[in-house]
Amino acid sequence: MSTPATPYLHVDAERLRTNIRRLADRAADAGVALRPHAKTHKCPEIGRLQLDAGAVGLTVATIGEAEAFVEGGCADVFVGYPLWVTEGAGARLRSLAERATVAFGVDSAAGAEQAGRWLAGSGIEVLVEVDSGHHRTGVPPDEAGAVAAAAERAGLPVRGVFTFPGHSYALDALRSAAQDEAAALAAAAASLRAQGIEPRVVSGGSTPSLRDADLGVLTELRPGVYVFGDAQQWELGTTAPQDVALTCRATVVSHAGGRLVLDAGSKAIGADRAAYATGWGRLPALPDARVVLLSEHHAVVDVAGAPLPPLGSVLDLVPNHVCAAVNLHDVLWVGEDRLLPWAVTARGRNA
Ligand SMILES: Cc1ncc(COP(=O)(O)O)c(C=O)c1O
């Protein structure tokens, strides 16, 4: 296979396998299940590596992603999202449930009743989502029992409770978000028990909160980004630069203004820039350099006084948010001397 034209996404297979194995070993040692979020890689080959390393199944964000991973051989998917189940969505979920174990999120009695109209008796289970501080979706923990009871009344067996502590994406919030996560999940589990419903799964996890996750409370972890790492994790201190497994390979096309200009812009690496980010991506070869300007096809890099790499040289650029970068590419190029194309099959499966 000839080298692809830049910009392309490169995956270091060794680092990828190490990241997968390291967390799988930690989960196994602690006796908790791992259900990685596959929206990060959208790639059945990588899902298979995670399952082979001991993951109990995969988390996905949409029914379309669930279909892509079941078609790719995964036998157990959880849609970690409060679905509003229409007749069409119900038919797709039922069809999936003929080939795989399927579960999804609920965070309202109305959502549970609506889902029950199309899915009662299908064997598809639900998990009640609780808000642990991210304030996106999820009910307050002490209301989880009422939603669970509504789901059971609607004919949907309740597997347990889940949360996404997304407020861990801030400097100095890693530990407190993990504490919020454990407290919310413990309260939610108690709320289900008060309704006579025993939660079999208590599921949490974002990549930044993993280090401090309370594995006495959580029975399942659902991180996604850990598989590759990215510049956000690098700057939060949760992935070491030498563990980052995915980069965008980009060519130096200009030295205009004494800065480095790469041929990778927002259409290759995504435009995400969190409040704490120091730029639009990082360069492992130039740790003090910062991407100070990003347009559709250009990343402009201030090299902080370092010698400018020559025009035409190819550099690794670490995207800020790897999930957003992967979603822009049809293929991940994996390996070292001989690059293999792995299809990003679930790309664009947003519905
Ligand atoms: C519901 C849910 N679970 C798990 C994750 C994975 O967390 P991370 O992206 O920090 O790895 C996400 C990420 O958005 C999520 O929304």
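Residues numbered from 1 in each chain as written. Predicted model: local features only at pLDDT ≥ 70, side-chain atom pairs only at ≥ 80, totals over all residues. Heavy atoms only, no water.

S.K.: I keep staring at the domain arrangement of the protein and nothing clicks. Help me out?
M.R.: Interfaces are often sized by the amount of accessible area the parts lose when they come together. Each domain of the protein was delimited in the assignment, giving domain 1 (13-228) and domain 2 (232-320). Using C-alpha coordinates to define each centre, domain 1 is positioned 33 Å away from domain 2. In total, about 1100 Å² of surface goes out of reach between domain 1 and domain 2, with carbon and sulfur atoms giving 61% of it. It is Arg-15, Tyr-169 and Phe-228 that lose the most area in domain 1 upon contact with domain 2, and together they represent 48% of the buried surface on that side. Counting every contact that joins domain 1 to domain 2 gives one salt bridge. Taking the shortest distance from any N to any O, the salt bridge between Asp-243 and Arg-22 comes out at 3.4 Å. For the pair domain 1 and domain 2, the interface holds six residue pairs in polar contact (both at pLDDT 80 or more). With four residues, helix H1 (residues 13-30) is the single largest residue contributor to the side of domain 1 that touches domain 2. (Domains from an automatic or database assignment. Buried area = accessible area lost by both parts, 1.4 Å probe. Salt bridge = Lys/Arg side-chain N within 4 Å of Asp/Glu carboxyl O. Polar contact = N/O pair within 3.5 Å; in protein donor to acceptor, adjacent residues only side chain to side chain. Helix = DSSP H or I, 4+ residues; strand = E, 2+ residues; numbered from the N terminus.)

S.K.: Just to check I follow, could you spell out the sheet that holds strand E7 (residues 158-162) for this structure?
M.R.: Backbone hydrogen bonds hold the strands of a sheet together, and the pairing may be parallel or antiparallel. Strand order in the open sheet formed by eight strands is E2-E9-E8-E7-E6-E5-E4-E3, and the pairing between neighbours is parallel. Each having just a single partner strand, strand E2 (33-34) and strand E3 (58-60) make up the two edges of the open sheet. Of the strand pairs in this sheet, strand E4 (residues 76-82) and strand E5 (residues 101-106) are connected by five bridges, and their pairing is parallel. Directly across from Val-77, in E5, lies its bridge partner Val-102. Against the sheet, helix H6 (residues 144-153) touches E5, strand E6 (125-129) and E7, its axis set at about 160 degrees to E6. (Pairing = 2+ DSSP bridges. Contact = heavy atoms within 4.5 Å. Axes fitted to C-alpha atoms, helices over the stretch in contact; angles between N-to-C directions.)

S.K.: Sorry, what's going on with the packing of aromatic side chains here?
M.R.: Aromatic ring pairs are described here by two measures, namely the spacing of the ring centres and the angle between the planes. Tallied over the entire structure, the rule returns one aromatic pair. Centre to centre, the rings of Phe-78 and Phe-162 are 5.0 Å apart; their planes meet at 90 degrees, and the pair counts as edge-to-face. Here Phe-78 is found in strand E4, whereas its partner Phe-162 is found in strand E7, with 84 residues between them in sequence. By relative accessible area, which is 1% here, Phe-162 ends up buried. Arg-273 extends its terminal NZ or CZ atom over the ring of Trp-280, reaching a point 4.6 Å from the ring centre. (Phe/Tyr/Trp six-rings, centres within 6.5 Å; stacked < 30°, edge-to-face > 60°. Buried < 20%, exposed > 50% of the residue type's maximum accessible area, 1.4 Å probe, protein only. Lys NZ or Arg CZ within 6 Å of the ring centre and 35° of its normal.)

S.K.: Just to check I follow, could you spell out the site of the ligand for this structure?
M.R.: Residues in contact with the ligand amount to 14 residues; listed here are only the nearest, Arg-136, Tyr-169, Thr-207, Gly-224 and Val-225. Arg-136 has a polar side-chain atom sitting 2.9 Å from an oxygen atom of the ligand. Between the ligand and the protein, one listed contact pairs an oxygen atom with a backbone N or O atom of Val-225 at 2.9 Å. When the ligand sits alone it has 390 Å² of accessible area, and the protein chains cover 94% of it. (Near = heavy atom within 4 Å. Areas by Shrake-Rupley, 256 points an atom, 1.4 Å probe, with all protein chains shown as cover.)

S.K.: Please explain the state of the cysteines as it appears in this structure.
M.R.: Two cysteines, two sulfur atoms, one covalent bond between them: this is a disulfide. In this structure the tally under the stated criterion is zero disulfides. Cys-74 takes part in no disulfide bond, and the closest cysteine sulfur to it belongs to Cys-43, at a distance of 13 Å. In this structure Cys-323 is a free cysteine whose sulfur lies 13 Å from that of Cys-43, the closest cysteine sulfur available. (Disulfide = S-S within 2.5 Å.)

S.K.: Whenever I open this one, the nonpolar core confuses me. Can you help?
M.R.: As a rule of thumb, nonpolar side chains are buried together in soluble globular proteins. If you look at the biggest cluster of nonpolar residues, it comprises 89 residues, and the most contacted ones within it are Leu-16, Ile-46, Phe-104, Phe-228, Leu-262, Leu-317 and Leu-332. Of the residues that make up this core, three or more belong to each of domain 1 (13-228) and domain 2 (232-320). Setting aside chain neighbours within four positions, we find Leu-317 in contact with Thr-247, Cys-248, Leu-262, Ala-264, Ile-269, Gly-281, Arg-282, Leu-283, Val-291 and Ala-299. Counting residues in hydrophobic clusters, the runner-up holds five residues, among them Phe-78, Ala-103, Leu-127 and Val-201. (Core = buried A, V, L, I, M, F, W, Y, C linked by side-chain atoms within 4.5 Å.)

S.K.: Sorry if this is basic, but what is going on with the side chain of Ser-132 here?
M.R.: Summarising the element assignment, Ser-132 is placed in the loop between E6 and H6. Residues within four places of Ser-132 in sequence aside, it is in contact with Thr-163, Phe-164, Pro-165, His-167, Asp-180, Glu-181 and Ala-184.

S.K.: Just checking my understanding: could you explain the side chain of His-41 for this structure?
M.R.: In this fold, His-41 is placed in the loop between E2 and helix H2 (44-52). One polar contact links His-41 to Gln-50, side chain to side chain, over a distance of 3.0 Å. Once residues within four sequence positions are removed from consideration, His-41 is found in contact with Ile-46, Gly-47, Gln-50, Phe-69, Val-227, Phe-228, Val-326, Leu-332 and Val-344.

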